[in-house]
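Fold and geometry: a report
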Amino acid sequence: MPGFQVSPLPAPPTFAGSEVPEFGRVVEGFHPGKASPEDFKEIEDLLYEHSILVFRGLHDLEPEAQLRLTQHFDPTATSYGHGNNKTGSEKKSILHPDLKTLPEHPQVQLIGNGVPTEYRICRGLEKPQLKHPHHKTFHKTVVSDEDEEKGVTRFYRWHIDSALYGDLYTPVATTLYALSVPQGPTQTLRYDDGTGDELPVPLGTTAFVSGTNMFDILPADLKSIAVRARVQYAPHPYVWMAPAKAMSTGLGIESDGLELDKESLPLWEESKLQILPMTWKNPKTGKLHFQVHPCGVEVVHVAPLPEDYAGDRSKAPYPDGAVISDLKEVRELLYKMQRPAIAPKYVYPHDWKQGDLAIFHNRGVLHTVVGAFKPEEVRSFWQCNLASGKAPEGPSKEDVAAFA
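Remember, predicted model here, so these are calculated numbers, not experimental data. (Residues numbered from 1 in each chain as written. Predicted model: local features only at pLDDT ≥ 70, side-chain atom pairs only at ≥ 80, totals over all residues. Heavy atoms only, no water.)

Brief notes about the overall build of the protein chain
Counting secondary structure elements, the protein chain contains 10 helices and 20 strands. For the protein chain, the C-alpha radius of gyration of 20 Å lies close to 22 Å, the compact-globule estimate for 404 residues. Counting across all 404 residues of the protein chain, residues that qualify as buried make up 58%. The contacts in the protein chain between residues at least 6 apart in sequence include a share of 78% that link residues at least 24 apart. Working note: accessible area of the protein chain is about 16700 Å², and carbon and sulfur atoms make up 51% of it. Across the protein chain, the 41 positively charged side chains and the 53 negatively charged ones have centroids separated by 1 Å. (Helix = DSSP H or I, 4+ residues; strand = E, 2+ residues; numbered from the N terminus. Rg over C-alpha atoms; globule rule 2.2 N^0.38 Å. Buried < 20%, exposed > 50% of the residue type's maximum accessible area, 1.4 Å probe, protein only. Contact = heavy atoms within 4.5 Å. Areas by Shrake-Rupley, 256 points an atom, 1.4 Å probe, with all protein chains shown as cover. Lys, Arg positive; Asp, Glu negative; His and termini not counted. Charge placed at Lys NZ, Arg CZ, Asp CG, Glu CD.)

Next comes the structure, spelled out in structure tokens:
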């Protein structure tokens, strides 16, 4: 490896690294603005193997270099994951307040909190008002003001960076670059779902979980569904879900019938709906990642068991296949499948420092914003991901035979 030093992530004691030993690495000796093609290839291999890579102390990164690094993972991708300049124009979208597009680099978004003023950060944006997403704007139940003052917080929304509609397929990788990072006391993240689960987290962490682990820890009956199922996302899912409220874990939407009806959505076409495999195949390792954005799914399509299935068909779930279109049932199934993998021991909460650059395999992890900042606290990141022109690859016939 050309001069790189690779070490495990500095994970907190709560993280069960021995159960997900390949998850995450710190890489030293790499700079996107000074890298050779061979360097980029090494980083690509590391990312597919470890899902998250962190580079520390990069205080001189430019947007062009961040874009170049991001584009390496999908050379045909040219526009931002939700379309260039689309997030700001679609004001009904739940994403609208969170992203500001850099004028000279529309594939790169400025995110964070407060009003940054330095050109180094804003790059032509005039006093952008940034707003760190807060669970109180999205969850059905919320942490009390008293508990929040004591440092209690929640996961905001577990997700994949993806438009999930039209020909903008899920970006292969997302890069996050920390320009200014307020420091503060450790917060207590509460799941508030009756389990008593809690997790100490750094202020303003980004939390990650492994999609491979999400699949691997499923019982056999749910693995059978995972390798046979495809999920159908709602049209314009971020507009569709905007009036609805999320569960206390941030892992999906409460089924209260608050989603926008189809007639109230922007114009949409049946042919542009995205119906994607529930599990996605890693192109390097061959492993399966459970990759579902639970908030946007409307229908689950389960294929029948293979004709040559050797087991007892009567004991397998949905042996003849199924179309699950009841939204409450869809969400209950997905929650049952995904909730085990966000248990405290499986969550990596990154402790951001100024100059950190993180790359994550967006087709191999789920992640979420965490925490809350005061309006005057300035937190600034550049985020870049690029919509792919190619849908993710699902399980092979051999995978289906092995797990169905």
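That shown, we press on.
Structural notes on the packing of aromatic side chains
The tally for this structure, following the rule as stated, stands at 12 aromatic pairs. Here the aromatic rings of Y177 and W382 are separated by 5.7 Å at their centres, their planes lie at 45°, and the arrangement is tilted. One end of the pair, Y177, is in strand β7 (residues 173-180); the other, W382, is in strand β20 (residues 379-385), with 205 residues separating them in the sequence. Overall, the relative accessible area of 0% leaves W382 in the buried class. An aromatic cluster is present here, built from F4, F30, F40 and F55 joined pairwise through their rings. Looking at R157, its charged tip hangs above the ring of F138, at a distance of 5.0 Å from the centre. One Lys or Arg, K223, reaches over the ring of F215 and ends 5.5 Å from the middle of that ring. (Phe/Tyr/Trp six-rings, centres within 6.5 Å; stacked < 30°, edge-to-face > 60°. Lys NZ or Arg CZ within 6 Å of the ring centre and 35° of its normal.)

Description of the side chain of H367
Its location among the elements puts H367 in strand β19 (residues 365-369). Separated by 3.3 Å, the side chains of H367 and D161 make a polar contact. Not counting residues up to four positions away in its chain, the partners in contact with H367 are R157, W158, H159, D161, T206, A207, F208, F360 and N362. (Polar contact = N/O pair within 3.5 Å; in protein donor to acceptor, adjacent residues only side chain to side chain.)

As for the sheet that holds strand β8 (residues 187-190)
The mixed open sheet is built from three strands, whose spatial order is β6-β8-β9. Only two strands of the sheet have a single neighbouring strand rather than two, namely β6 (152-153) and β9 (198-201). Note that β6 and β8 share two bridges and pair parallel. Across the sheet, the residue bridging to V152 is T188, located in β8. (Pairing = 2+ DSSP bridges.)

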